[in-house]
Amino acid sequence: MFDTLAPMQNLNQQFNLIRQSATVAMADRILALKASGRNIVGLQVGDPDFGTAPAIADAAFQAMQNGLTHYGPSRGYPDLRTAVASKLKRDEGVSYDPASEILVTHGGIHAYYLAMQSVLNPGDDVLIPDPSWATHSNMAIMLRGSVIRVPAPAENGFIPQFESWLRALTPQTRVIVLNYPSNPTGAYPTRAYLKKLQDFAKEHNLWIVSDEVYGSLYYGERPTCAAAFEGAKERTLLVNSLSKSYAMTGWRVGYLAAPARVIENAIKAGQNSITCVAPFIQKAAAFALTDPAIQQVTADMRAAYSRRRDLVLRLAHELESEKVKVIPPQGAFYFFLDLRALNMPAVEMCERILDEEGVGLVPGSAFGEEGEGFIRMTIAASDEDVEAGFRKIVKWAENVQR
Ligand SMILES: Cc1ncc(COP(=O)(O)O)c(C=O)c1O
């Protein structure tokens, strides 16, 4: 029996600094409503609504049948690392040595974890734009870093003004975390801006950890990879995965591309936590990255997201809401809708839209202070759900009583 008189054992105090994810709380609420029989339009997830291409699953099955069901190399199979290097050269124009500069990871989140663990010391300051995906800050805090948020307000296209980086800089700053195209805003900066940021990082001897998991999802000019500048590779840690670009979120496979001495640390961290990524999944990932027909599947998914993006922009034009302002995303598969006109906390808005209209969303405040008054709506859902959900949000906002 649990002895209430026993002294409490110490827990890791660092976790007291992390809030329980608002996304998880919303997901629980949505599940409970669905279980009670309510029809919910789910526009809260960051998971492609497309299945993984069957040929990728076949490649994994074939590898299992060939006996690849045991431990594999911690660094990742050479053919997958070569495939990653070819992808980075093909799509981003950056050359990496597959032997020493690439590590296969358990998805993008694990690549980010290993990247941060490899370079961060306790007490180091980490600069992270606000709004941004909560994991970027949470991970830095778990590793005993100190997070400084750099405002990236809607009025500046969700990109920090350059002076804001300068203002945030301290003598303890070691790392800048970037995520472009951004979750939740879809924004990404110009090539010239990134170049200036790289110069800033060089001048102040900072690492740039760049999470580019949405790199293949863009609607205009291709976003520039953070490492694609003369000399930038030496201080840039690229985080990427197959989750979003190949609809492989459940496969848990990604990669870190970084200077060899960073990769050496990351291998130690990976070896001592997960040992290796499942070999048959690595084979499927190598196939996905290199097979020409699969690259076409990715292009087709991008076209579908683009069509849904146009659908929302058309609806916004048609409905002409004063309450719901739509900022066209440049990439990723989210709209960060501006409902600040309602002057209501984003959490309350999302709870009420869920209860009153049956639409699942994520409050913008889950991404930082600059996200307050915004809600994140995914377009990784059917055209019908995107249209029905957006119409309901506008109807709710136009008629809401406080
Ligand atoms: C910005 C960002 N990075 C990383 C991830 C995690 O990706 P993965 O499934 O590859 O771990 C997500 C997932 O939503 C994300 O939004």
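Residues numbered from 1 in each chain as written. Predicted model: local features only at pLDDT ≥ 70, side-chain atom pairs only at ≥ 80, totals over all residues.

### A look at the overall build of the protein chain
For the record, the criterion: Helix numbering and strand numbering both begin at the N terminus, where a helix is a DSSP run of H or I of at least 4 residues and a strand a DSSP run of E of at least 2. Note that the radius of gyration is over C-alpha atoms, with the globule rule given as 2.2 Å times the number of residues to the power 0.38. Once C-beta atoms are placed from the backbone, each residue is buried if 20 or more other C-beta atoms lie within 10 Å of its own, exposed if 12 or fewer, and partly exposed for counts between those two. Whether two residues are in contact depends on their C-beta atoms, placed from the backbone: they are in contact if these lie within 7 Å.
Summing up its helical and strand segments, the protein chain has 12 helices and 12 strands in all. What you see for the protein chain is a C-alpha radius of gyration of 21 Å, in line with the 21 Å of a compact globule of 402 residues. Structurally, the protein chain occupies a C-alpha span of about 65 × 60 × 50 Å along its principal axes. Residues classed as buried in the protein chain amount to 47% of the 402 residues present. Counting only contacts in the protein chain whose residues sit at least 6 apart along the sequence, the fraction spanning at least 24 positions is 74%.

### Focus: the domain arrangement of the protein chain
The condition that has to hold: Boundaries between domains were set according to an automatic or database domain assignment. Basically, the charged four are Asp, Glu, Lys and Arg, the nonpolar ten are Ala, Val, Leu, Ile, Met, Phe, Trp, Tyr, Cys and Pro, and anything else, Gly included, counts as polar.
As assigned here, the protein chain comprises domain 1 (13-51 + 295-397) and domain 2 (54-291). Those elements giving two or more residues to the side of domain 1 that touches domain 2 turn out to be helix 10 (292-319) and strand 9 (334-338). A per-element tally of the side of domain 1 that touches domain 2 places helix 10 first, with six residues. Its residues assigned to classes, the side of domain 1 that touches domain 2 shows 14 nonpolar, 11 polar and seven charged.

### Comments concerning the environment of Trp133
Summarising the element assignment, Trp133 is placed in the loop between strand 3 (125-130) and helix 5 (134-142). Sequence separation of Trp133 and Asn179 is 46 residues, and the distance between their C-alpha atoms is 8.4 Å. If we ignore the near neighbours within four places in the chain, the residues touching Trp133 are Asn179, Asn183 and Phe367.

### Thoughts on the nonpolar core
Filter applied, for reference: Here, a nonpolar core denotes buried Ala, Val, Leu, Ile, Met, Phe, Trp, Tyr and Cys residues that are linked to one another through C-beta atoms within 7 Å.
Grouped together as the largest cluster of nonpolar side chains are 117 residues, with contacts concentrated most on Ala115, Val209, Leu256, Ala284 and Ile375. The element contributing the most residues to this core is helix 9 (residues 279-290), with eight residues. Two domains each provide a minimum of three residues to this core, namely domain 1 (13-51 + 295-397) and domain 2 (54-291). Residues contacting Ile375, with those up to four places away along its chain left out, are Leu337, Leu339, Ala346, Met349, Cys350, Leu361, Val362, Pro363 and Gly364.

### Re the packing of helix 3 (residues 78-92) against helix 9
For clarity, the cut-off: The axes used here are C-alpha line fits, helices contributing only the stretch in contact, and every angle between their N-to-C directions lies in the interval 0 to 180 degrees. Each angle gets one of four labels, with under 35 degrees taken as roughly parallel, over 145 as roughly antiparallel, 65 to 115 as roughly perpendicular, and the rest as oblique. It is the rotation of the near helix from the far one that decides the hand of a crossing: anticlockwise by less than a right angle makes it left-handed, clockwise makes it right-handed.
Running from N to C, helix 3 and helix 9 cross one another at 25°; their axes reach a closest spacing of 9 Å. Viewed along their axes, helix 3 and helix 9 adopt a mutual orientation that is roughly parallel. For the pair helix 3 and helix 9, the sense of crossing is left-handed. On helix 9, the residues touching Asp79, Leu80, Ala83, Val84, Ser86 and Lys87 of helix 3 are Gln282, Ala285, Ala286, Leu289 and Thr290. Within the contact of helix 3 with helix 9, the residues separate by chemical class into six nonpolar, three polar and two charged.

### So, the sheet that holds strand 12 (residues 374-378)
Threshold: Pairing between two strands requires that DSSP report at least two bridges joining them.
In spatial order, the strands read 9-12-11; together these three strands make up an open sheet with antiparallel pairing. The sheet is open, and its two borders are formed by strand 9 and strand 11 (362-363), each paired with just one other strand.

### Brief notes about the environment of Ala303
Its place among the elements puts Ala303 in helix 10. You can call Ala303 exposed: it has 9 C-beta atoms within 10 Å. Residues Ala303 and Gly186, 117 residues apart in the sequence, show an inter-C-alpha distance of 16 Å.

### Let's talk about the packing of helix 4 (residues 108-119) against helix 8 (residues 260-271)
The geometry of a pair of packed helices is captured by two quantities: the angle between their axes and the separation between those axes. Between helix 4 and helix 8, the shortest axis-to-axis distance is 8 Å and the interhelical angle comes to 115°. Between helix 4 and helix 8 the crossing geometry is right-handed. When helix 4 is examined against helix 8, the residues Leu114, Ala115, Gln117, Ser118 and Val119 are found in contact with a partner set consisting of Val262, Asn265, Ala266, Ala269 and Gly270.

### Concerning the pairing of strand 7 (residues 236-241)
In terms of residue burial, strand 7 counts as a mostly covered element, since six of its six residues are buried. With burial as the criterion, each face of strand 7 is covered, one bearing Thr236, Leu238 and Asn240 and the other bearing Leu237, Val239 and Ser241. In this sheet, strand 8 (residues 254-257) lies alongside strand 7 in antiparallel orientation, the contact comprising four bridges. Residue pairing across strands places Leu238 opposite Ala257, the latter belonging to strand 8.

### Some details on the sheet that holds strand 5 (residues 173-179)
With mixed pairing, the seven strands of this open sheet are ordered in space as 2-8-7-6-5-3-4. Each end of this open sheet is capped by a strand with a single partner; those strands are strand 2 (102-105) and strand 4 (146-151). The average undirected angle you get between the axes of adjacent strands in this sheet is 20°. With respect to the sheet, helix 8 is in contact with strand 2, strand 7 and strand 8, its orientation differing from that of strand 2 by roughly 25°.

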